[in-house]
Amino acid sequence: MPDALLALQALNAHYGDFQALYGVNLSVEPGEVVAVIGANGAGKTTMLRSIAGLLRNAPEAIRWKGQGIGALRADQVAALGIALVPEGRLLFPSLSVEENLIIGGQLGRKGPWSLQRVYDLFPILKERRHQQSTSLSGGQQQMVAIGRALMSNPELVLMDEISLGLAPVIIRQIYEALPGIVGEGLTAVIVEQDIAKALSVSQRVYCLQEGRVSLEGQSQSVPREEITRAYFGV
Amino acid sequence: MDWLNAIIQGTLLGGLYALFAAGLSLIFGVMRLVNIAHGDLIVLSAYIALSFGVSLGLNPLVALLLVVPSMALIGYALQRLILNRTMGEDLLPPLLVTFGLSVILQNVLLMGYSADPQNLQAGAIETASVNLGPVAVGVMPVLVFVTAVVVIAALQWMFYRTALGRAFRATSDRQDVAQLMGLNRAHIFGLAMALSLAVTALAGVFLGIRTAFDPAAGGARLIFGFEAVIIGGLGNLWGTLAGGVILGVAQTLGAKIDPGYQILAGHIVFLIILALRPRGLFPRIDG
Amino acid sequence: MTLRPTLTVTRRTRLSTAWLILLVPIMLLLIAAPWWAGRADLRLMGEIALYMSLAVLWNLLAGYAGLVSVGQQAYVGFGGYLFFALTMLAGLHPYTALPLVVLAGFVISAPVAVLIFRLRGAYFAIGTWVVAEVFRLSFAQVSSLGGGSGTSLSPDIVRSLADGRDAREAVAWWLALGAVVLVIGAVVWLLRSRQGVALTAIRDNELAARSLGIDIWRTKFTVYVLVSGLTALIGALIFLQKLRISPDAAFSANDWTAFVIFIVVIGGIGTLEGPILGTLVFFALRETLADLGTLYLIALGVVAIVIMLFAPRGLWGFLRDRWGLELFPLSRRVSGLAKKEA
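An account of the accompanying structure is given in this report.

Rules of the game
- Residues numbered from 1 in each chain as written.
- Chains lettered and ligands numbered in written order.
- Predicted model: local features only at pLDDT ≥ 70, side-chain atom pairs only at ≥ 80, totals over all residues.
- Heavy atoms only, no water.
- Helix = DSSP H or I, 4+ residues; strand = E, 2+ residues; numbered from the N terminus.
- Contact = heavy atoms within 4.5 Å.
- Areas by Shrake-Rupley, 256 points an atom, 1.4 Å probe, with all protein chains shown as cover.
- Rg over C-alpha atoms; globule rule 2.2 N^0.38 Å.
- Buried < 20%, exposed > 50% of the residue type's maximum accessible area, 1.4 Å probe, protein only.
- Phe/Tyr/Trp six-rings, centres within 6.5 Å; stacked < 30°, edge-to-face > 60°.
- Lys NZ or Arg CZ within 6 Å of the ring centre and 35° of its normal.
- Core = buried A, V, L, I, M, F, W, Y, C linked by side-chain atoms within 4.5 Å.
- Buried area = accessible area lost by both parts, 1.4 Å probe.
- Salt bridge = Lys/Arg side-chain N within 4 Å of Asp/Glu carboxyl O.
- Pairing = 2+ DSSP bridges.
- Axes fitted to C-alpha atoms, helices over the stretch in contact; angles between N-to-C directions.
- Polar contact = N/O pair within 3.5 Å; in protein donor to acceptor, adjacent residues only side chain to side chain.
- Patch = residues over 30% accessible without salt bridge, like charges linked within 9 Å, V, L, I, M, F, W, Y side chains within 5 Å.
- Lys, Arg positive; Asp, Glu negative; His and termini not counted.
- Expected span 1.5 Å × (residues − 1).

## A closer look at the overall build of chain C
Scanning chain C for helices and strands turns up 16 helices and 4 strands. Contacts spanning at least 24 positions in sequence make up 79% of the contacts within chain C whose residues lie at least 6 apart. Surface exposure of chain C reaches about 15,700 Å², of which carbon and sulfur atoms provide 65%.

## Structural notes on the overall build of chain A
A count of helical and extended segments in chain A gives 9 helices and 10 strands. For chain A, the C-alpha radius of gyration of 17 Å lies close to 17 Å, the compact-globule estimate for 234 residues. In terms of overall dimensions, chain A has a C-alpha envelope of 50 × 35 × 35 Å along the principal axes. The burial tally for chain A puts 53% of its 234 residues in the buried class.

## Focus on the packing of aromatic side chains
In the structure shown here, the tally under the stated rule is 30 aromatic pairs over all chains. Each ring, one from C:Tyr75 and one from C:Phe135, has its centre 5.9 Å from the other, and the planes form 75°; the classification is edge-to-face. Note that C:Tyr75 is positioned in helix H4 (residues 73-89) and C:Phe135 in helix H6 (residues 121-139), a separation of 60 residues in sequence. Positioned above the aromatic ring of A:Tyr22 is the side chain of A:Arg212, whose terminal nitrogen or guanidinium carbon lies 4.0 Å from the ring centre. Directly above the ring of B:Trp3 sits B:Lys256, whose terminal nitrogen or CZ lies 5.6 Å from the centroid.

## Observations concerning the environment of C:Leu177
Residues and elements named next belong to chain C. Summarising the element assignment, Leu-177 is placed in helix H8 (residues 165-192). Since its relative accessible area comes to 6%, Leu-177 is described here as buried. Separated by 93 residues in sequence, Leu-177 and Gly-270 have C-alpha atoms that sit 23 Å apart. Contact partners of Leu-177, with chain neighbours within four places excluded, come to Met-27, Leu-30 and Ile-31.

## A closer look at the nonpolar core
Ranked by size, the top nonpolar core spans 250 residues in total, and within it A:Met47 and C:Tyr224 carry the most contacts. If you tally residues by element for this core, the top one is helix H3 (residues 39-64) of chain C, at 16 residues. Each residue touching C:Tyr224, except ones within four places of it in the same chain, is listed here: C:Leu61, C:Leu67, C:Gln72, C:Tyr75, C:Ser109, C:Val112, C:Ala113, C:Ile116, C:Phe117 and C:Phe124. Residues A:Ala83, A:Phe122, A:Met143 and A:Leu150 belong to the second largest nonpolar core, which totals 34 residues.

## Examining the interface of chain A and chain B
Tallying the contact residues gives 22 residues for chain A and 16 residues for chain B. Roughly 1,800 Å² is buried in total at the junction of chain A and chain B, and carbon and sulfur atoms are behind 62% of that figure. Put simply, chain A and chain B have 1 salt bridge between them. Taking the shortest distance from any N to any O, the salt bridge between A:Glu99 and B:Arg169 comes out at 2.7 Å.

## What about the pairing of strand S1 (residues 129-132) of chain B?
Residue and element names in this part refer to chain B. Where S1 and strand S2 (residues 135-138) come together, 4 bridges link them in antiparallel fashion. When the bridges of S2 are listed, Val-130 appears paired with Val-137. In this antiparallel pair of consecutive strands, S1 and S2, the connection spans 2 residues, and Gly-133 shows a positive phi of 65°.

## A closer look at the sheet that holds strand S10 (residues 212-218) of chain A
All names here are of chain A. Reading across the sheet, the 6 strands line up as S6-S7-S8-S3-S9-S10 and stay open at both edges, with mixed pairing between neighbours. With partners counted over all chains shown, the strands left at the sheet margins are strand S6 (82-85) and S10, one partner each. Strand-to-strand twist of the sheet, defined as the mean angle between neighbouring strand axes without regard to direction, takes the value 15°. Helix H1 (residues 44-52) rests against strand S3 (33-38), S6, strand S7 (156-160), strand S8 (187-192) and strand S9 (204-209) of the sheet, and its axis sits at about 150° to S7. Each of S6 and S7 is contacted by helix H6 (residues 138-150), which is oriented at about 170° to S6, the strand it contacts most.

## So, the interface of chain C and chain B
Chain C puts 38 residues into the contact, and the matching count from chain B is 40 residues. Across the chain C to chain B interface the summed buried area is about 3,500 Å²; carbon plus sulfur atoms make up 87%. Applying the counting rule to chain C against chain B returns 0 salt bridges. Summed over the shared surface of chain C and chain B, the number is 1 residue pair in polar contact (both at pLDDT 80 or more).

## Overview of a nonpolar patch on the surface
All names here are of chain B. A cluster of nonpolar residues, Trp-3, Ile-257 and Tyr-261, forms a patch on the protein surface that exposes about 350 Å² of accessible area. By the element assignment, Ile-257 lies in helix H10 (residues 237-257). For Ile-257, a relative accessible area of 63% gives the class exposed.

## Side note on the sheet that holds strand S2 (residues 18-28) of chain A
Residues and elements named next belong to chain A. Ordered in space as S2-S1-S4-S5, the 4 strands form an open sheet in which the pairing is antiparallel. Lying at the two open borders of the sheet, with one neighbouring strand each, are S2 and strand S5 (67-68). The pairing of strand S1 (residues 6-15) with strand S4 (residues 62-64) spans 3 bridges and is classified as antiparallel. Bridge pairing in S4 links Leu-8 to Ile-62. Contacts from H1 reach S1, S2 and S4 within the one sheet, and its direction differs from that of S1 by about 110°.

## Focus: the side chain of A:Arg89
Residue and element names in this part refer to chain A. Residue placement: Arg-89 occurs in the loop between S6 and helix H3 (97-104). Of the side chains bearing the opposite charge, Glu-87 lies closest to the buried Arg-89, which forms no salt bridge; the N-O distance is 9.2 Å. Residues in contact with Arg-89, not counting those within four places in the same chain, are Gly-138, Gln-141, Gln-142, Ala-145, Arg-148, Leu-164 and Leu-166.

## What about helix H9 (residues 218-232) of chain B?
All names here are of chain B. The terminal C-alpha atoms of H9 lie 21 Å apart, and with 15 residues this matches the ideal 21 Å at 1.5 Å per residue to within 8%. Most of H9 sits inside the fold, with 14 of its 15 residues counted as buried. Residue Gly-233 follows H9 closely and has a positive phi angle near 110°.

## Points about the arrangement of the chains
There are 2 pairs of chains in contact here, and the one with the most contacts is chains B and C. Kept free of each other, chain A and chain C leave a smallest C-alpha distance of 16 Å between them.

## As for the pattern of salt bridges
By the definition in use, this model includes 18 salt bridges over all chains. Across the salt bridge formed by A:Arg204 and A:Glu32, the nearest N and O atoms sit 2.7 Å from each other. Within this pair, whereas A:Arg204 is found in strand S9, its partner A:Glu32 is found in the loop between S2 and S3, the two being separated by 172 residues in sequence. Since its relative accessible area comes to 10%, A:Arg204 is described here as buried. Salt-bridge contacts for C:Arg286 lead to C:Glu287; the nearest nitrogen and oxygen are separated by 3.5 Å. Salt bridges sharing common partners tie together A:Glu32, A:Arg204 and A:Glu216.

## A short note on unusual backbone geometry
Most peptide bonds adopt trans geometry, and most residues besides glycine take a negative phi value. All names here are of chain B. For Ser-114, which is not a glycine, the phi torsion comes out positive at approximately 70°. The topology assignment puts Ser-114 in the loop between helix H4 (92-113) and S1. Here Ser-114 falls in the partly exposed class, since its relative accessible area comes to 28%.

## With respect to the side chain of A:Glu98
All names here are of chain A. Within the secondary structure, Glu-98 sits in helix H3. By relative accessible area, Glu-98 is classed as buried at 12%. For Glu-98, the side chain forms a polar contact with the side chain of Arg-129, separated by 2.7 Å. For Glu-98, the contacting residues outside a window of four places in its chain are Leu-115, Tyr-119, Arg-129 and His-130.

The following block contains the structure:
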């Protein structure tokens, strides 16, 4: 059986003395969209940060195309083609909208995404390209954050709670753009608190509960009660 | 007329102080690091120019071609080997480590060169002067001032118009997220320090040509650079130039009143500005 | 139904109690030093006591209040010069002059604090250095105290301390011993007080301390003024010993800041025992390695950097982290907690 694109094997994560993840197993196949849901503090962000290299782990706990990358630095992971849209957007305040996007393409990887293409996807950003990035509305900042990640032409994009703090109409707008983003063979792991949205765009879903995987299933067919049980740990 | 002369001399002196300060300002902007050894590194540059001059028979202005890359390399190595380990939330490690470096540098220079004051001989250009209307100004001070303006303009251009500058700004904003863009933080910080010390090399050579220097001269240079930065306002390179000029003018006017008051006058003006405008005259960021 | 365990909060540990008991004979021995120590040894012990005072004070400032000053030499010199001025120019007896020096130190450090507290972090540090330079340059202008080349303490003043050379050496020693006991006592008292708890909170996490309602500015201000006044006292005693003062010696950054910082860093910053241990180690090294001047400073600098990078809590910090040792009863421990469930 060929290696999954991304595989987490018994991933443990710690913040000092506090353990946030307990033996998480997860796999992602090329071209898939995998959703990860769970309550606050379940460990979803910790998991994404671990994959992205912001948290150090055991090398073999995170495998990318069969290679252990758990101990790599974030910039090394980025060079492999894994991009993170971080929770809270975290744009660079000293950079304009356009500069935020350009720096996303810092690594110069080849691919379908370019500045023009991001502007096609999110036209409002073109209008505001020279503005200070943090002067934009929440939804627009989210667009910049997503565009920034896409500019690196990744093979895998990790999205951490992109709907957090946004008005429903904006969330809908962004999620409507998602198929256009993911369509071209880009693989995605989407962490969401909005369960309905998460299920609507993904093929498979994992649920994390207090640092452990409590559910794994097909997004379209997993029963509601199972999700509720897995989400709340009852 | 004498006062006008003093003001002009002070302004030109401000160029040298701005050069002292530019390196300090740069690394504070990128890394929030204040290098206590900065003044001693300026003095180190002067000594390196001295050694190149003695061994290769080079005019110090020509030796700059060797001193600048040497200091840049030293800066990169210093940052990556030692200072990168001090970067973090705690303010004590970088302060105490750079303080230790300052003491080590001063004493190594003392062992290597003795405490005798030294001078860099640049030849005829040192005494050449040019007439600016009613006053005569030295060519060297004008050269230094012009260099300061060019360097600051170049740094501004680099910061706001190049990929490296973008990388600096992004890393300064959010180190972690900058790593997500594929920027190696350790390398970026190394480059920033290399650039800072390249500017410091210029400052050191100009200092050595202008006055006598000895291993203990670093402290005063650090203070002048620091005063220029604070007067001008943090995070603003042009402000630093203004700060340097104000400091230079304060000192030369003070010297006019009494030669012994020169440095004290500068300190007093600094303290007054600190009292009235604690963030400086043209601040861009907060300390 | 399980009974609620009785919890007691105590500051004492077996070690700290043993230490405090041991202190009594140690103090008696030290007070009796003029009778068993030679003249040179007595002077050395005096020097150790004064450096220890400076170290304990600097540690309170930097390790607890987070105010890293590289300009405390301002107050050492100020204390020295003021003592010379009060005794020689104002004709006061040394014993009268000393407490006045402390008060004057409080008075002058207050406006200085207001000014330089506008700076933060490393900029604050350099600001303290500027202040020290201003003091140095200002005192160098005072011709009645020797201007740039300084002056000596007149023999009358020296004689007014006691009759006979031996008696004077004894008095100088007792003054130094008294000073270090006063300083350590003041610091212990401060750390055990409410202000002290606030300080420890600030040391550990300033932002959290502020959110608890602790007035950071006022606490830091109090500590700065207290430390500066006492530093001035030490300065007065230092130059009383040296019998001569000059601007460069009085305001020497090397002597009164570099060495002190290295002592505290090596001993362990942020603990009370650290500077004490550090001073002893520093002098042990100095006496055994013979004063190699520049090489010694370079070695110290290297050791301090290595410690800061790899063992930032210093010697005592290492011992404390390893075995929870504490000599002075400062931190509160809770006893009587039931064991945690496995």
